[in-house]
Amino acid sequence: MADIERQTGAENGSVGVGLTSAEVQASKEKFGDNRLTEHESEHFWTKLRKNFGDPMIKILCAALVVNMALVVASYLGWAPEKMAWYEPVGIAAAILLATFVSTLSEHRNENAFRKLQEEASKIQCKVYRDGEIRELPIDDIVAGDAVLLQSGDKIPADGVLIEGGIKVDQSVLNGESKEAAKTAAPCDYKDEEAAVNFLNPHKVWRGAVVVSGNAVLRVTMVGDKSVYGEIAKELQSENERDTPLKVKLSALANGVSKFGYIGGVVIAIALLFQRIVIANHFNVSEIVVYASNWTHLLNDLIHAFMLAVIIIVMAVPEGLPLMIAIVSALNMGKMLKDNVLVRKIAGIETAGSLNVLFSDKTGTITKGKLEVVSFADGAGNDYKSFRETPDGLKKYLSFSLFHNTDAVLSGERSRKAIGGNGTERALLTFAAEDGSSSSGKGVVALEKIPFNSQNKFSATTIEGEALSGALGSPLTLIKGAPEKILDRCDYYLDKDGNKAGFSAFAALNQKIDMLAARSIRVIALAVCEGKIVNPNGSIDDMLPASRRWTLAGIIGIRDEVRPESITAIAEVQHAGVQVVMITGDRKETAVAIAKEAGLLNNESDIVLTSDELAALSDEEVKANITSIRVVARALPSDKSRLVKIAQELNYVVGMTGDGVNDSPALKKADVGFAMGGGTEVAKEASEIVILDDNFNSIDKAILYGRTIFNSIRKFIVFQLTINVAAVLINFAAPLFGQDNPLSIIQILWVNLVMDTLAALAFGGEPALKRFMKEPPKRRDEPIVSPSMWSSILTGGLWTFAISLVFLFAGFVTDRFSALSGNDTLHTGYFAFFVFTAVFNAFNARTEKLNLFDNISGNKGFLRVLSIIVLVQTALVYAGGQVFHCFGLSLTQWRIALLFAVSIIPIDLLRKAIASTRRT
């Protein structure tokens, strides 16, 4: 790529210097900026209406209507006695409140998650402004801007190419997977097409992806007026597939729902048996008298039916989807602070279950701050800096570094290299250290072969007056892996820039090996007289066969291992995740870096080159995959093959990548980790974007994945414990002659506690380092583990047993009924049941004996439980006839709280026994 002056057209006027600040403001006022109108996935009222459309809610509302009709009939004198109006009104209010609160929480958290994603996902574009090139957010682009497009970029707006040529993937717009070639429009080009024509060779549209090449785009249409903007609503409203965790939760919900349906029906039958048979002392004549009062009989039938529906509503864990929304939103902000952007929630859910992670080296395990540390000519002479290079040799070195690259310098002052890949930016920075911004005026690029990891070289043909000298014009510049270049060189450039016979091949290879052993990557530079004749050919036939190459020198580039990567790799390995480093470096360099990073620790660890990997069959790779630690000189096809083989072994596979060629492997992996500094294509193919390109952030992504999974498991333990206890006691109590211990409206409050409020409480659980000591979850592992069933059944059965004592033991009932009647007993039991749930929340949130373990990391937990306690206390005194609450004395409070808190020592005993068995 030419230097910044030529690209901005300072010489030929093709691009100009870009818009000035005043022109940008004028364009924005006239045509607007490049923002797309935000599309809200689902309005709050739509979601609320959908939740009220739930079949159980519809049935409950229908029953309420019948109940209200009976109340009205009794007040009109059409029934033998008046019926209480407040219960159906209270139930209706409770249903409305519970549904409203859960819908509001889900809607707010889903929107918060989506907005955080959108804000962090803003694409950065290379735009010419005020005489220099800048990186700007996609929303800031205006009509008239000149935008530099490079391989892997997503085109930010509609427009016409004014310089260069590219191939683009327009499938997102027209469904055609075939790449389309686009070239610069001639000076007299006029866009007179009224309709969109994707075959136009000079026009490109927002949303298309640059597959190869470099070009400059003149923006003509922005924002909603672009073609992409017009179809954005359709693109945004596509339904996403359910994530693996949602599938597991759905299976659990179906199982729990069956339990609820059966329990609801059985409880309704038990209640009717109590009302009709037991309450009438099994006396047939009394039963006949009871049945003759049709309003009472119908009211009891409706009451039993509504109780069954309420039990089902409570048993069905509708809080699980809400839990996912809340825990995702609450953790999204934390993850962004740790440089982890979740594009698809499936990614972070699955990250916690990874078995194997195939990781790039550059910028992920290493710092990614590539620095040129040495340059040696073909005679083996070393130069520590660009300034030290002799002028004759420097001339051709400058040609290579300024022209055979996709990187450019961003300004006269900052001298920052942008665009291209990390290696090209490092080489350009090295060449610009003496203040140069160009390798000579009037040099023009004629043909280019961009670098790709398959060929491992790039080439550019240039011509111009500045090339006058020993080699002449045109001249082809080649840059790439030493093994691709050295053996094709018959000459080298001496200090004066003249050709000399190249005979130091062995000595130069020895120098390369020494640099590789020091984790220094080596790039070879060569030149060849003449022009590229076959740009689509291999390295052997791109130039005339008669032309032999001239070596300009070799450059050593160092990329130090991140100190935090060493710790992170060790932590990920201890978490049961196999880490495999995949790099384009030669084997010696890869081994040196892998040892420093802690990837090679045992004699059984395997290091393969791409050629060695290709020589193995899939079955041979499967037999050795657990020992593979490094793949050197890797090709993109190696990544896809390794992912496929690992998945065939039922492994959960993660893959990192940053380039266009990485996209297939990223998409194929269970979790694709794209690098924040990588191409937009790679980001689109991934589930998670690592914004700082740091392996340490991948470690954190795995930790957050495990944290989310564990938070959901805690919520399930809390909820199912209440489910088991509520269904059992509401079934058993009528059989012992007791009316249902919890009224319908009380059960609705309990349901609110264990769904919406519990989701808020458990959603903010902190990410604990000890989660990384747990083994990865199997792909087919059920979400409810044996230890969870132990907790659920212990807590549920204990609550049921202590409930029977509370309701039927004389030493308890006497202390309630002796004071203020049976209603006080029900008031006390209601308080006992809710406070049991509150105390059990402490049991559920940690597997430790210390119930306050890391509780400061989830302050929302204490806030939510405090709200439940305050509201419950208020209901005891102010609930009245609606909640069947009539206050409690101090003695009665002591009994209720003593019975409720007993669930803590019971669960601590269970944990102690389980811990003893594990040891």
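Residues numbered from 1 in each chain as written. Predicted model: local features only at pLDDT ≥ 70, side-chain atom pairs only at ≥ 80, totals over all residues. Heavy atoms only, no water.

## Looking at the packing of aromatic side chains
- The final tally for this structure, using the stated rule, is 19 aromatic pairs.
- Each ring, one from Phe806 and one from Tyr829, has its centre 5.9 Å from the other, and the planes form 65°; the classification is edge-to-face. Pair noted here: Phe806 is in helix H26 (residues 786–808) and Tyr829 is in helix H28 (residues 822–844), with a separation of 23 residues, a long-range link. Grouping residues by exposure puts Phe806 and Tyr829 together as buried.
- Seen from their ring centres, Phe832 and Phe899 are 6.5 Å apart, and the 85° between their planes marks the pair as edge-to-face. Within this pair, whereas Phe832 is found in helix H28, its partner Phe899 is found in helix H31 (residues 890–901), the two being separated by 67 residues in sequence.
- The class for Phe832 is buried, based on a relative accessible area of 0%.
- Members of the aromatic cluster, connected to one another through ring pairs, are Phe806, Phe816, Tyr829, Phe832, Phe833 and Phe899.
- Here the guanidinium or amino end of Lys499 rests over the ring plane of Tyr491, the centre of that ring lying 4.4 Å away. (Phe/Tyr/Trp six-rings, centres within 6.5 Å; stacked < 30°, edge-to-face > 60°. Helix = DSSP H or I, 4+ residues; strand = E, 2+ residues; numbered from the N terminus. Buried < 20%, exposed > 50% of the residue type's maximum accessible area, 1.4 Å probe, protein only. Lys NZ or Arg CZ within 6 Å of the ring centre and 35° of its normal.)

## Considering the packing of helix H24 (residues 695–735) against helix H25 (residues 744–762)
- With their axes 9 Å apart at the nearest point, H24 and H25 run at an angle of 170° to one another. Comparing their axes, H25 and H24 come out roughly antiparallel. Each of Ser711, Lys714, Phe715, Phe718, Gln719, Ile722, Asn723 and Asn730 in H24 lies in contact with H25, whose residues at this interface are Ile747, Val750, Val753, Met754, Asp755, Ala758, Ala759 and Phe762.
- Grouping the constituent residues of the contact of H24 with H25 by class yields 10 nonpolar, 4 polar and 2 charged. (Axes fitted to C-alpha atoms, helices over the stretch in contact; angles between N-to-C directions. Parallel < 35°, antiparallel > 145°, perpendicular 65-115°, else oblique. Contact = heavy atoms within 4.5 Å. Nonpolar A, V, L, I, M, F, W, Y, C, P; charged D, E, K, R; others polar.)

## Remarks on helix H32 (residues 903–918)
- Compared with the 22 Å implied by 1.5 Å per residue over 16 residues, the 23 Å span of H32 between its first and last C-alpha is a close match.
- Along H32, the residues classified as buried are Ile903, Ile904, Asp907, Arg910 and Lys911. Buried residues along H32 cover an arc of 125° about the axis, so they all sit on one side. Turned more than 90 degrees away from the buried face of H32, the exposed residues are Leu909 and Thr916. (Expected span 1.5 Å × (residues − 1). Arc of directions from axis to C-beta.)

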